[in-house]
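The chain contents come next:
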Amino acid sequence: MSDSTTERAETADSKPAKSTKAKRFVGRFRKLAVTMLVLIAGFYGLGMVVYLLLRLVVGDALWPVALTSAVLHWALLPAFPLLLLMLGMKRRIPSALLAISAASYFWYFGELFLPNEVFGAESHGEHQEQQELTVMTFNVGYHRAPPERVVTAIRESNAELVALEEVSRDHE
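So, how was this worked out
- In this numbering scheme, every chain counts its residues from 1 along its sequence in written order.
- With pLDDT at 70 or above as the cut-off, local features in this predicted model cover only qualifying residues; side-chain atom pairs require 80 or more to be listed or tallied, and sums for whole chains, interfaces and linings still use all residues.
- The basis for the side-chain values is all heavy atoms of the structure; hydrogens and waters are excluded.
- In this scheme Phe, Tyr and Trp rings, the latter by its six-membered ring, pair at centre separations within 6.5 Å, and the angle between planes marks the pair as stacked below 30 degrees, edge-to-face above 60, and tilted otherwise.
- Only protein chains enter the accessibility calculation, which uses a 1.4 Å probe; a residue is then buried when its area is under 20% of its type maximum, exposed when over 50%, and partly exposed in between.
- Think of it this way: any DSSP run of H or I at least four residues long counts as a helix, any run of E at least two long counts as a strand, and we number them from the N terminus.
- Throughout, a residue-residue contact means that at least one pair of heavy atoms, one from each residue, lies within 4.5 Å.
- pLDDT is a residue-level measure of predictor confidence that goes from 0 to 100.
- Pairing of N or O atoms within 3.5 Å defines a polar contact, subject to two protein rules: one partner must be a possible hydrogen donor and the other a possible acceptor, and residues neighboring in sequence count only if both atoms are side-chain atoms.
- Within this scheme, the nonpolar core is defined by two criteria: the residues are buried Ala, Val, Leu, Ile, Met, Phe, Trp, Tyr or Cys, and they are joined through side-chain atoms within 4.5 Å.

## Regarding the packing of aromatic side chains
For the coordinates displayed, the defined rule picks out 7 aromatic pairs. Relative to phenylalanine 106, the ring of tyrosine 105 has its centre 6.0 Å away and its plane inclined at 85°; by these criteria the two rings are edge-to-face. Its relative accessible area of 10% is what places tyrosine 105 among the buried residues. One aromatic cluster in this structure is built from Phe80, Tyr105, Phe106, Tyr108, Phe109 and Phe113.

Set out below in C-alpha cells:
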C-alpha cells in the first residue's frame, strides 16, 4: 500500500475510536445523571416523610419542624415533578416516598383549590352570623384639636379600633 492509502486507513480507524469514546462518555454521564436524580428524589422524599411524621408526633415543638412548616407550601412542590420522573423511570421506592409527599400537599392545601361553596358554612346547612368591626381613624394634626375633644370624639364613636394620625408630644 502507498503512504496515502495508509494515512486514509489510519484516519478511518481513528474516527470510530473517537466516536466510541464519546458514546461511552455520554453513556457514563447519562447513567451518573440518572443515579444522582434518583438519589436526590429519594432523599427529598425521605426527608419530607420524616418531617411529616415528626409533625404528627411533636407538632411544631422542634424548631426544624416549625421552620419547615412555615415554608411547607413551597417545600412540598418539588414532589410533583419528581414523582412523575420516578414513575416514568419505574423507581418504586422513591415514587412511594414522593407519592406520600404529594398526597400530604393536597391534605394540607387541597381545599384552597376548591370552590368556596364546598367548604363554606352554606354547604353544611349552618349559618354563621357575621361580626362587624367599627374602625375609626382620626388625624389629630390636621384638625389641631385639643386632647379633650379627641377623647370625646373617640368615646362617642364607640369604635372598636382607633388609629390616630400625626400625634405629637402636645397630645400627651
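The structure having been displayed, the exposition proceeds.
## Quick notes on the environment of alanine 41
Tracing the chain through its elements places alanine 41 in helix α1 (residues 3–58). Excluding residues that lie within four positions of it along the chain, alanine 41 makes contacts with Leu82, Met86 and Leu98.

## With respect to the environment of valine 150
Secondary-structure assignment places valine 150 in helix α8 (residues 147–157). Overall, valine 150 belongs to the buried group, its relative accessible area being 7%. Expressed as a C-alpha distance, the spacing of valine 150 and leucine 164, which sit 14 residues apart in the sequence, is 9.5 Å. Once residues lying within four places of it in the same chain are set aside, the contact partners of valine 150 are Phe138, Val140, Ala145 and Leu164.

## Focus on the confidence of the model for the protein chain
Low pLDDT marks stretches whose predicted atomic positions should not be read closely. Within the protein chain, residue pLDDT values average 82, and 78% of them lie at 70 or more. Of all helices and strands in the protein chain, the one with the weakest mean pLDDT is helix α6 (residues 116–119) (55), whereas helix α4 (residues 79–88) scores best (94).

## Topic: the side chain of serine 95
Here serine 95 lies in helix α5 (residues 92–109). Given a relative accessible area of 7%, serine 95 falls into the buried group. For serine 95, the side chain forms a polar contact with the main-chain oxygen of arginine 91, separated by 2.5 Å.

## A short note on unusual backbone geometry
Located in the positive-phi region is lysine 90, a residue other than glycine, with phi close to 60°. Tracing the backbone through its elements, the reader meets lysine 90 in the loop between α4 and α5. Note on lysine 90: relative accessible area 73%, which makes it exposed.

## Details of the nonpolar core
Generally speaking, a soluble globular protein has its nonpolar side chains buried in company with each other. Formed by 18 residues in total, the largest nonpolar core has its most connected members in Tyr44 and Leu98. Elements with a contribution of two residues or more to this core: α1, α3 (72–75), α4 and α5. Looking at this core, the element that brings in the most residues is α1, giving 6 residues. Discounting residues that sit within four places of it in the chain, tyrosine 44 has contacts with Ala75, Leu76, Leu77, Pro78, Ala79, Leu82 and Leu98. With 6 residues, the next largest nonpolar core counts Phe138, Val140, Ala145 and Val150 among its residues.

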